[in-house]
Amino acid sequence: MTVEDLRKARINCHSCWYDDRWFFDNLTPGHDAAASTIRWDFVMPDGSRFVEPKWTILLDAHRRLVWSLIVDPRQRHRYKPSSMSKLSRRVLYLARWMGKTGYAHFGELDTDAFDQYLDDLLIDTRDKANLSAVYLMEHLTLPVSLGYQAPVLAKAGIPVPGSVPWHGMTAFELAKQLASHEQNPIPPIPDPIFLKVMTRALCILDEAEDIILQARHFADNEVLQVTEKHASDRKHLRDNMDALSDACLILIQGLTGIRVSELLGLQASATPLAQNALPDCIKLEPSASGLHEIFYLSGHLYKTTKTPRPVTWVAGLRPVGSNCLPVPIKAIAVIERLYAPWRARINVAELIIGFSRTKSLNKGVKAHTLSWVNRCQRRFFARSGIKDWTVSSHQWRKSFAQYVIRSDSRMLPVLQEHFKHISMAMTEQGYINADPELKQILDDAAVQSTVSLIGEMVSGRKIVSGPLTGKLEKSVSQLEKSLGNRTGEDRQRDIEELVRSSGMRAHHIRWGKTSLGICLFRQGTGNCTVGCSARWVMSAPLWSAARPDLCWECQNLVLDETHLPFWKDRLNKLQNDLQTATTNDDFALTQLCEQRLEQCIMVLNKLENTETTATENSNPG
C-alpha cells in the first residue's frame, strides 16, 4: 500500500495506521486498556519520539512487521488482543536497539548484526540475578519472528534481513542456552499459609449475612449516604465489605482452581438473588449414581482459544436431600448478593465488582482487573498476619492441583479436563513436576497401573498387542509358574516387586479425553524422548512430544480392545480431512492425511486381531 493509502487505512474501529497508539478490543476479563494497546510514541535513545519524521522508515518497517504478525503469522498463532502490550514491549526494545546502533531498516541486519544484538542484550541484563530463559525470550522473540515474516515483508516492499537470525534457532532454544536457568516457576502456596488463610476466609464467610444486611441498609438509606457524622460507620462497613469480598475471591479460586480471567468473566444473575437461591452461573445436576447432586460452575474459557468459549467446572457436590452449599458456591452467592445494589446502580453484568476508591461507598464501582484481584488477596494476607509471602492469583491454581493429586494420584486426567488444558503434558509439567512428593505419588500410581496390567494378563482377562507383547507374555508365563497357588495378596506383592525392579511403568496415553494406548515406559526408550539429552534419566514419557503419529510405531506402545474407539474415530476424521484436502488441491495436506491413514489402518488391524482373540478366550466353547 502507498503512503497515501495507509493514511486512510484503519487498523480497526478504534485506530488508524498512523495513530501514535493502536487500540484493540480485549475480550479477556481482568485486563485494562493498556494490555491491548501497541504504543508507537515511545522515547528513542536520543530523546526523540519514535513517531517523529526522522524515524519514518524504521517506524514503517516495524508497523508492517507487527501488522503481519497480527494478520499473517508464519510461525505462531495470531497474537490475541490481550497480548498486544507484550508485543509492544518487544517492538520498543528492538526499535530502540536499532536506533542506538544506527541500523536504518531491517535490510541492514545480517549475521553480525544479530550477534551484536545478542551481545548487547546480555550486557543489558547482566545485573539481573538468576537470569531466566523466559525473561530472555521476551527480547529474542521479535527478531526470530522477523526471519519467519521476511517473505510477507518483502512482498510489501520492505527490506528484509540478509540471513536468518541465529541459524534458525527458536527464541526459547536460544534463551535456554544463554540463561542460568529456564524459568522461575510460580510456586503453590505453602500448606501452613494455605490452611491459615482458608480458615480465616471461612470465618469471615460465616459473618456474611450480617455484612450483607449492613450493606443493603446503607444502599437503601439516602440519609446515610450524605451525612458526614456517619463517616466512621461508612468506614467500618467498607472494611467489612472489603474483607468479605477478598475472602470470597480466595475461596472461589482456592477451592475450584479456575484462572483469574475465568473468575472475572463470571456473570451475575439476571434477577435479584434470594438468600438461599443459586446464582445463574451455577447449575445443579444429579450424579451418575443418583446419590449426590453435582454443582457445575458455568463461565468462559479465554486461554488456549481464539475467542471466549463457554465451559463448565465441577465446583462441589452434596448428598441428595441436603440443603448445604459447598463453600465455593456459597462464596459466589455471597459476593453476588453483597454488591447487588451497586451492580444495579451502574448496570453491569459482571459478578466480580468492587470499589476503586479507597474510602468511598458511592463512587468508583467497577469490574475488577487482574492487578486488582492480586491487590485484594495481598490485602487479605496482610490482615491475616502473613507478611512473609507475596501471593498472586495463579498460586491458588497450583495449590488446588497439588491437593487433588495428593488426594488421588489417578486424578491427573481429570485435573487436565478441569483445568481445560490442551494436553496432559501442560498439567503435569506446569503443576506437578515441580513437587518431588507429587512426582513420587505419580510414580507409585504408574507402578500400580503396571501391576494391574500384568495381573490382568496373568489371569487371562486382558489380551494386548504391540512390540513388547512377546516380552510381556514371557514375563507373564514365568510369573504364572512362580506364583503357583499363592494368595492374591502375595501374588500382588510379587508382581509389584518385579515391576519396581524392572523400571517399567505403564502410563495411559491420553489424546483429548480418550486413551490411544498404554506406554510401557523404560528409561532411555520411547520415540518421544529421541533427541532429548535427559532421556536416560527420565522416569516417564515426554508428554509434550507424545502424539498419535509418533506413538503408533513406538516400541513401548501396548494396545488392547479399549483403545479401539480412539483409532476408529481418528480413521473417520482423517478420511474427512483427506477428502477436503483433495477437493482443495492441497498436495501437502493430502500426503500427510494419506500417511496418517496408513498408520491408523495398521493400528486398527492389530487391535481388531486383539479383539478377536479376546472374544475367543472369553468364549472357549
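Residues numbered from 1 in each chain as written. Predicted model: local features only at pLDDT ≥ 70, side-chain atom pairs only at ≥ 80, totals over all residues. Heavy atoms only, no water.

## Describing the overall build of the protein
A tally of regular secondary structure across the protein gives 23 helices and 10 strands. Sorting the 621 residues of the protein into buried and exposed places 47% on the buried side. Long-range pairs, those at least 24 residues apart, make up 60% of the contacts in the protein between residues at least 6 apart in sequence. Total accessible area on the protein stands at roughly 31600 Å², and carbon and sulfur atoms take up 53% of it. (Helix = DSSP H or I, 4+ residues; strand = E, 2+ residues; numbered from the N terminus. Buried < 20%, exposed > 50% of the residue type's maximum accessible area, 1.4 Å probe, protein only. Contact = heavy atoms within 4.5 Å. Areas by Shrake-Rupley, 256 points an atom, 1.4 Å probe, with all protein chains shown as cover.)

## As for the pairing of strand β4 (residues 292–301)
Direction of pairing for strand β3 (residues 282–286) relative to β4: antiparallel, over a ladder of 5 bridges. Each residue of the ladder has a partner; that of Lys283, found in β4, is Tyr296. Direction of pairing for β4 relative to strand β5 (residues 309–319): antiparallel, over a ladder of 10 bridges. Within β5, the position partnered with His292 by the bridge is Pro319. (Pairing = 2+ DSSP bridges.)

## A closer look at the sheet that holds β4
Strands sit in the order β3-β4-β5 across an open sheet of 3 strands; the sheet is antiparallel. Two strands close off the open sheet at either side, each with one partner strand: β3 and β5. Between one strand axis and the next, the sheet turns through 30° on average, direction left out of account. (Axes fitted to C-alpha atoms, helices over the stretch in contact; angles between N-to-C directions.)

## Description of a negative patch on the surface
A surface patch of like charges, here negative, comprises Asp110, Asp112, Asp115 and Asp119. Following the sequence through the fold, Asp110 ends up in the loop between α3 (84–101) and α4 (111–124). (Patch = residues over 30% accessible without salt bridge, like charges linked within 9 Å, V, L, I, M, F, W, Y side chains within 5 Å. Salt bridge = Lys/Arg side-chain N within 4 Å of Asp/Glu carboxyl O. Lys, Arg positive; Asp, Glu negative; His and termini not counted. Charge placed at Lys NZ, Arg CZ, Asp CG, Glu CD.)

## Observations concerning empty space enclosed by the protein
Across all of its chains, the model carries 2 cavities of 30 Å³ or more by this definition. Counted as a void, the largest cavity has a volume near 100 Å³. Lining the largest cavity are 13 residues, with Ile509, Cys519, Cys528, Cys551 and Cys554 sitting closest to its centre. Each residue belonging to the lining of the largest cavity can be placed in one class, and the counts come to 10 nonpolar, 3 polar and no charged. (1 Å grid on protein atoms, 1.4 Å probe; cavity = no way out; pocket = protein on both sides within 12 Å on 5 of 7 lines; lining within 4 Å. Points joined across faces, edges and corners; volume = space filled by probe spheres on them. Nonpolar A, V, L, I, M, F, W, Y, C, P; charged D, E, K, R; others polar.)

## A closer look at the packing of aromatic side chains
The full count for this structure, using the stated rule, is 17 aromatic pairs. Consider the rings of Phe42 and Phe50, whose centres lie 4.9 Å apart with planes at 20°: the pair is stacked. The two residues Phe42 and Phe50 agree in class, both being buried. Ring centres 5.0 Å apart and planes at 85° place the aromatic pair Trp97 and Tyr117 in the edge-to-face group. (Phe/Tyr/Trp six-rings, centres within 6.5 Å; stacked < 30°, edge-to-face > 60°.)

## Some points on the sheet that holds strand β9 (residues 514–521)
Ordered in space as β8-β9-β10, the 3 strands form an open sheet in which the pairing is antiparallel. Pairing within the sheet leaves two strands with one partner each, and these edge strands are β8 (505–511) and β10 (557–558). Relative to β9, β8 runs antiparallel, the two being bridged by 7 bridges. In the sheet register, His507 faces β9, and the bridge partner there is Cys519.

## Brief notes about the confidence of the model for the protein
Per-residue confidence for the protein gives a mean pLDDT of 82, with 83% of residues at or over 70. No element of the protein has a lower mean pLDDT than helix α9 (residues 222–226), at 46, and none a higher one than helix α12 (residues 327–338), at 95. Below pLDDT 50 for its whole length, residues 223–229 participates in 10 contacts with residues either more than four positions away or in separate chains. (pLDDT = per-residue confidence, 0-100.)

## Looking at the environment of Lys306
You can see Lys306 is positioned in the loop between β4 and β5. Accessibility expressed as a relative area gives 74% for Lys306, which makes it exposed. Separated by 226 residues in sequence, Lys306 and Lys80 have C-alpha atoms that sit 7.3 Å apart.

## Side note on helix α5 (residues 133–155)
The end-to-end C-alpha distance of α5, which contains 23 residues, comes to 33 Å, matching closely the 33 Å that a straight helix rising 1.5 Å per residue would cover. Of all the bends in α5, the greatest reaches close to 60° and is centred on Gln149; the proline Pro151 follows between one and four positions later. Phi for Gly157, located one or two positions after α5, is positive at around 85°. (Expected span 1.5 Å × (residues − 1). Bend = angle between axes of the 7 residues up to and from the residue.)

## Quick look at unusual backbone geometry
Of all residues except glycine, most have a negative phi; of all peptide bonds, most are trans. A positive phi angle, close to 50°, is found at Trp166, a residue other than glycine. You can see Trp166 is positioned in the loop between α5 and α6 (171–178). Even without being a glycine, Asn347 presents a positive backbone phi close to 55°. Position of Asn347 among the secondary structure elements: in the loop between α13 (340–346) and β6 (353–355).

## A few points about the pattern of salt bridges
Side chains that differ in sign of charge can pair as their charged atoms come close. In the structure shown here, the tally under the stated rule is 17 salt bridges. In this structure, the salt-bridge partner of Glu138 is Arg89, at a minimum N-O distance of 3.6 Å. Of this pair, Glu138 sits in helix α5 while Arg89 sits in helix α3, and the two are 49 residues apart along the sequence. When its relative accessible area of 15% is taken as the criterion, Glu138 is described as buried. According to the relative accessible area criterion, Arg89 is partly exposed, its value standing at 45%. One salt bridge in this structure joins Glu262 and Arg259, with 2.6 Å as the shortest N-O distance. The same class applies to Glu262 and to Arg259, which are both buried. Linked through salt bridges whose partners overlap, the residues forming this network are Arg238, Asp242, Asp246 and Arg379.

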